[in-house]
Amino acid sequence: MKLIVPLFTFVLLSSAYKFTVPPFAANWHLAHELCSSFGQRLVTVETREKYDKLQTFLKSSDKFTAVCMFWIAASDLAEENTFSWLHTGRLVTFAKWSPKEPFKSKDRERCVRMKHDTATLNTTDFLWGVMPCTNSYYFVCETVEDVISFNG
């Protein structure tokens, strides 16, 4: 049985990115499964350009508030304190960590979320933090277009 839910979708027409925020929160593992069930994946943010596009998208979504958090596809579940992207296995090289992050923990805080909190973080940017994967937050799915090239 395929899960069908209404989605808030905003397509950035000037870019190759298509982001979706479902209308409910989930833990990190369920967020990954739900994005897959929608034919998408939990969002990776490997460049400043994509981070900027994602921020623009989130600030225009109906889930944007003074304090809001969203799961992204980074974690250190494969190797403690080494953050990588779920779908590619690539190391996280671009990051917008909050002060004192990534927090080195031996047990619970392993998955990465983006947080907007102008009062506490003293910025209008979404900053990254490591949280227990079992926490429930909104999450961002992305559509990834497969590119096939032929020589000939």
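Basis of the calculations
Residues numbered from 1 in each chain as written. Predicted model: local features only at pLDDT ≥ 70, side-chain atom pairs only at ≥ 80, totals over all residues. Heavy atoms only, no water. Helix = DSSP H or I, 4+ residues; strand = E, 2+ residues; numbered from the N terminus. Buried < 20%, exposed > 50% of the residue type's maximum accessible area, 1.4 Å probe, protein only. Contact = heavy atoms within 4.5 Å. Areas by Shrake-Rupley, 256 points an atom, 1.4 Å probe, with all protein chains shown as cover. Disulfide = S-S within 2.5 Å.

Let us look at the overall build of the protein. Along the protein, the regular secondary structure elements total three helices and nine strands. Sequence-ordered secondary structure for the protein, helices as α and strands as β, is β-β-α-β-α-β-β-β-α-β-β-β. Counting the 152 residues in the protein, one finds 43% classified as buried. Here the analysis covers contacts within the protein between residues at least 6 apart in sequence; of these, 71% occur between residues at least 24 apart. On the protein, roughly 8400 Å² of surface is accessible, and the fraction owed to carbon and sulfur atoms is 53%.

Locating Cys111 in the fold gives a position in strand 6 (residues 109-117). Residue classification places Cys111 among the buried positions, given a relative accessible area of 0%. Along the chain, Cys111 and Leu77 lie 34 residues apart, while their C-alpha atoms are 7.5 Å from each other. Dropping the residues within four chain positions of it, Cys111 is found in contact with Trp28, Trp71, Ala74, Ser75, Leu77, Gly129, Val130, Met131 and Cys133.

What follows covers the state of the cysteines. What the rule picks out here adds up to two disulfides. The disulfide that involves Cys35 links it to Cys141, with 2.0 Å between the sulfurs. Because the sign of the S-S torsion sets the handedness, a value of about -80° for the bond joining Cys35 and Cys141 places this disulfide among the left-handed ones. Note that Cys35 is positioned in helix 1 (residues 28-37) and Cys141 in strand 9 (residues 141-143), a separation of 106 residues in sequence. Here Cys35 falls in the buried class, since its relative accessible area comes to 0%. Residue pairing for Cys111: its cysteine sulfur links by disulfide to Cys133, the two sulfurs lying 1.9 Å apart. Looking along the S-S bond of the Cys111-Cys133 disulfide, the torsion reads about 85°, which is the right-handed sense. Residue Cys111 is located in strand 6, and its partner Cys133 is located in the loop between strand 7 (127-132) and strand 8 (138-139); the two are separated by 22 residues in the primary sequence. Classification of Cys133 by relative accessible area gives buried; the value is 8%. By sequence-ordered numbering of the bonded cysteines, the protein has its disulfides arranged as 1-4, 2-3.

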